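# A look at the structure
Below, each chain spelled out in residue letters.
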Amino acid sequence: MARVFNFSAGPSMLPESVLSRAAAEMLDYNGSGQSVMEMSHRSKVYEEIIFGAQSLFREVMGIPENYKVLFLQGGASLQFAGIPLNLLNGSGKADYVITGQFANKAYQEARKYGEIKLVASSKAQAFSVIPPLDPADFTPDADYFYICHNNTIFGTKWSQLPQTGNVPLVADISSSFLSEPLDVSRFGLLFGGAQKNIAPAGLTVVIVREDLIGAARPDTPTVIDYKAVAENESMYNTPPCWSIYICRLVLEWIKQLGGLEAVKQRNDYKAKLLYDYLDSSAMFRNPVVPEFRSIMNVTFVAGNEELNAAFVKEAAAAGFVNLKGHRSVGGMRASIYNAMPVEGVEALVEFMRAFEAKNS
Ligand SMILES: *Cc1c(COP(=O)(O)O)cnc(C)c1O
């Protein structure tokens, strides 16, 4: 068996120990005589899995008591509608900052439901920065203020969170989930799809402050009404059982690594290896203003389209797969989520060095 180094932006690598454990438990989970894939979600044996995952989430992220952890389906994209449906219930206004494609999608979706203000955008800078904000532009009576914490496609991340006062801050953390400690109390709501850093596709995690639950618009579909989901312990309908099981194994793995502080150190180290090389290279270049560089998604170009294409092709042949940039931006992108081992990044940098030497 030869495993490659998979730099996919999502679905992406999972820790090998998690995959091995899932394989070992595939036919008979914990003496139940069933695979987790086959279990009733209402069974005692499954309840232990889903409640275990929720309480590990609370423990690993240090989630305060007055927040709920909800397991949903429909991807992060469904929450682009779920958030306005649940939260646009006071003034009907919200502020959005557009820092990339997913923030823009969220903004466009929210506009179906209320008076949405585009507070700032970094489109003119090709999303290579997080735009400066002027609090004078904020809507004082907004129901919430929306950001995308880590921009998966462009490789940028907020270096400082906006100060929104009493207006709840809402953040899409799909691609930065569990990558570093986060002060949950700074947010009204955090959400993300699991397939970047938590589990296989199918699970969406929403962490929401309790006082924001319970005033959804009457036409909100019940499966995304946070009140119904919370009251039914994320089992209003069938949850994504398998993905939640893997999520629990991943959280246990994070605990073994030493928690999110240790995970952050490891992620910072991996990202620095790659950025240091990119900054020293005469061929490769990262387009992001350093202050806003993501530690999860590292974008780069080789100088021209032919070199980019040759690099992606040769890298794949050498076992470094999914390095092609998003179809909307081109170039390359190395997604180095939690499960990417340090050796994977070291080997990639070695490969890039050799490619540069050969082609210059
Ligand atoms: C991948 C991604 C999404 C889309 O997630 P889906 O689960 O496919 O809907 C949204 N936001 C960010 C930041 C992402 O990285």
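Fair warning: this is a prediction, and the values are worked out from it, not measured in the lab. (Residues numbered from 1 in each chain as written. Predicted model: local features only at pLDDT ≥ 70, side-chain atom pairs only at ≥ 80, totals over all residues. Heavy atoms only, no water.)

What follows concerns the site of the ligand. Taken together, 13 residues are adjacent to the ligand, and Ser77, Thr152, Asp172, Gln195 and Lys196 come closest. Gln195 is positioned with one of its side-chain polar atoms (N or O) 2.9 Å from an oxygen atom of the ligand. Side-chain polar atom of Lys196 to an oxygen atom of the ligand: 2.5 Å apart, as the coordinates give it. A per-element tally of the shell around the ligand places helix H3 (residues 75-87) first, with 4 residues. Taken together, the residues of the shell around the ligand sort by class into 4 nonpolar, 7 polar and 2 charged. (Near = heavy atom within 4 Å. Polar contact = N/O pair within 3.5 Å; in protein donor to acceptor, adjacent residues only side chain to side chain. Helix = DSSP H or I, 4+ residues; strand = E, 2+ residues; numbered from the N terminus. Nonpolar A, V, L, I, M, F, W, Y, C, P; charged D, E, K, R; others polar.)

Let's shift gears to H3. Between its first and last C-alpha, H3 extends 18 Å over 13 residues, near the 18 Å set by a 1.5 Å rise per residue. In the structure, H3 departs most strongly from a straight axis at Ala81, where the bend amounts to approximately 30° and where the proline Pro84 lies between one and four residues downstream. Turning to H3, its buried residues are Ala76, Gln79, Phe80, Ala81, Gly82, Ile83, Pro84, Leu85, Asn86 and Leu87. (Expected span 1.5 Å × (residues − 1). Bend = angle between axes of the 7 residues up to and from the residue. Buried < 20%, exposed > 50% of the residue type's maximum accessible area, 1.4 Å probe, protein only.)

This part covers the nonpolar core. Core analysis: the largest hydrophobic core is formed by 59 residues, its most contacted members being Phe57, Met61, Leu178 and Ile207. It is helix H6 (residues 241-257) that contributes the most residues to this core, 10 residues altogether. Both domains that furnish three or more residues to this core are identified here as domain 1 (16-257) and domain 2 (258-359). If we skip the residues at most four places from it in the chain, Phe57 touches Gly62, Ile63, Val69, Phe71, Phe177, Leu178, Ile198, Val205, Cys247 and Leu251. Core analysis: the next-biggest nonpolar cluster, separate from the first, contains 33 residues, Phe300, Phe320, Met332 and Ile336 among them. (Core = buried A, V, L, I, M, F, W, Y, C linked by side-chain atoms within 4.5 Å. Domains from an automatic or database assignment. Contact = heavy atoms within 4.5 Å.)

Right, let's get into the pairing of strand S4 (residues 115-121). Bridge analysis of strand S3 (residues 93-98) against S4 gives 6 bridges, and the strand direction is parallel. Looking at the pairing, Lys93 lines up with Glu115 of S4. The parallel pair S3 and S4 is bridged by helix H4 (residues 101-110), and the resulting crossover is right-handed. (Pairing = 2+ DSSP bridges. Right-handed = clockwise from strand over helix to strand, strands pointing away.)

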